[in-house]
Each structure stands twice: as C-alpha cells, then as structure tokens.
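A closer look at the structure
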Amino acid sequence: KNAICLIRTNALIDKSGMVYSQDWVNGLIRGIDVGSIPIELLLLCLVPNRFVKASEMLLCGLCRGMELYKIVNSALDEWGLQTQYRLTRAATKNYQFTSKKRVCYKCVIFVARLFCCFKTSGEEQLGRRLMDKA
C-alpha cells in the first residue's frame with residue numbers, strides 16, 4: 001500500500017512541473033489527496049533537476065516548509081559532524097545564510113535527501129567515498 005502511494009505521489013509530482021508546493025506536505029498533489037506521506041519520503045519524490053533553476057525564495061520555502069533543518073541536524077549528529085559544522089547544527093528553526101543563499105539552500109536539500117536515502121536503504125553507515133562527497 002505504501003509503495004503504491006509513493007509511486008502515485010512520484011508520478012503526480014513529476015506531472016505537476018513544479019519544484020515544491022506546501023500542499024504536498026499535507027498529501028494534496030495536483031488537487032488529488034494521496035494520503036499522508038512522511039517528509040523523508042516526500043523529499044525523495046521531488047524531481048532533483050528542478051532545483052537547478054529554482055529561485056532562492058522557492059528553495060527557502062522548501063527548506064522551511066519541510067523543516068529540513070531537523071533532517072540535516074540528525075545527519076550531522078549521526079555522522080559525527082556536529083562540531084565541524086556547529087553553526088549549521090545550531091539552526092533550530094530556519095537557516096539564516098548571509099551569502100550565496102541559493103547555493104546554500106541547494107546544499108541543505110542535497111544533504112537532507114542523502115540522509116533520507118541512507119535511512120530508507122537501511123544501511124548501517126555511508127561508504128567512505130560517499131561520505132567524502134557529503
């Protein structure tokens with residue numbers, strides 16, 4: 001049942017042509033109620049090549065609406081990087097970037113998606129090469 005819901009969600013998001021909509025968090029995609037989908041799985045359904053041209057404001061809204069700081073903070077804690085990235089880890093609501101905001105939001109999305117893939121796959125830890133890229 002969950003797999004069918006995800007397949008349907010993925011198809012509807014792809015058809016929408018959109019990067020993100022706040023309604024998706026509530027399970028409403030293109031006016032169709034697909035049911036409740038955990039943020040971690042919804043994040044994986046987003047079409048990544050649409051992030052390339054997305055505006056700073058849209059990327060900020062995505063990060064805020066999906067509360068990606070929570071996922072990124074969990075990733076930093078689990079990977080033992082909380083001291084190395086203590087300013088990023090200090091975020092408790094939204095990120096306040098001072099420069100290159102668009103690039104920073106894309107990075108937040110990348111790390112959150114990577115961590116969600118990692119958790120969903122059931123792997124114990126990331127491989128060395130992937131961890132270096134992260």
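About the criteria used
Once a new chain begins, its residue numbering starts again from 1 and follows that chain's sequence as written. Residue-level local features of this predicted model are given only where pLDDT is at least 70; pairs of side-chain atoms are given and counted only at 80 or more, and the full residue set underlies all totals for whole chains, interfaces and linings. Remark: hydrogens and water are excluded; side-chain values derive from all non-hydrogen atoms of the structure. To get an axis, fit a line to the C-alpha atoms, keeping to the stretch in contact for a helix; angles then go from 0 to 180 degrees between the N-to-C directions. The secondary structure listing takes helices from DSSP runs of H or I that are at least 4 residues long and strands from runs of E that are at least 2 residues long, numbered from the N terminus. Put simply, a crossing is left-handed when the front helix is turned counterclockwise from the back one by less than a right angle, and right-handed when it is turned clockwise. Only heavy atoms enter the contact rule, under which two residues are in contact if any of them lie within 4.5 Å. Charged residues are taken to be Asp, Glu, Lys and Arg, nonpolar residues to be Ala, Val, Leu, Ile, Met, Phe, Trp, Tyr, Cys and Pro, and polar residues to be all remaining types, Gly included. Only protein chains enter the accessibility calculation, which uses a 1.4 Å probe. A residue is then buried if its area is under 20% of the maximum for its type, exposed if over 50%, and partly exposed in between. Here, a salt bridge means any side-chain nitrogen of Lys or Arg that lies within 4 Å of a carboxyl oxygen of Asp or Glu. Classification of ring pairs uses Phe, Tyr and Trp, with its six-membered ring standing for Trp, and accepts pairs whose centres are within 6.5 Å; under 30 degrees between planes counts as stacked, over 60 as edge-to-face, and the remaining range as tilted.

This paragraph deals with the packing of helix α5 (residues 68–78) against helix α7 (residues 101–121). Closest axis-to-axis distance for the α5/α7 pair is 9 Å, and the angle between their directions is 65°. Classified by chirality, the crossing of α7 by α5 is left-handed. Along the contact surface, α5 presents L68, I71, V72, S74, A75 and E78, while α7 presents V108, I109, V111, A112, F115, C116, F118 and K119. For the contact of α5 with α7, the class distribution of residues is eleven nonpolar, one polar and two charged.

Residues of α5 that are buried include every one of L68, Y69, I71, V72, N73, A75 and L76, and no others. Backbone geometry just downstream of α5 places G80 in the positive-phi region, at approximately 70°.

The next point concerns the pattern of salt bridges. For the structure shown, the criterion picks out three salt bridges. In this structure, D14 engages R50 in a salt bridge whose closest nitrogen and oxygen atoms are separated by 3.4 Å. Of the two residues, D14 sits in helix α1 (residues 2–16) while R50 sits in the loop between α3 (39–45) and α4 (56–65), which places them 36 residues apart along the sequence. Two residues, E67 and K70, come together in a salt bridge whose shortest N-O distance is 3.0 Å. With relative accessibility at 43%, the residue K70 sits in the partly exposed group.

Considering all chains together, one arrives at four aromatic pairs under this definition. Ring centres 6.3 Å apart and planes at 80° place the aromatic pair Y20 and W24 in the edge-to-face group. You can call Y20 buried: its relative accessible area is 8%. Through successive ring pairs, a cluster of aromatic residues spans W79, F115 and F118.

Spatial relationships are all this shows, so hold off on functional conclusions.
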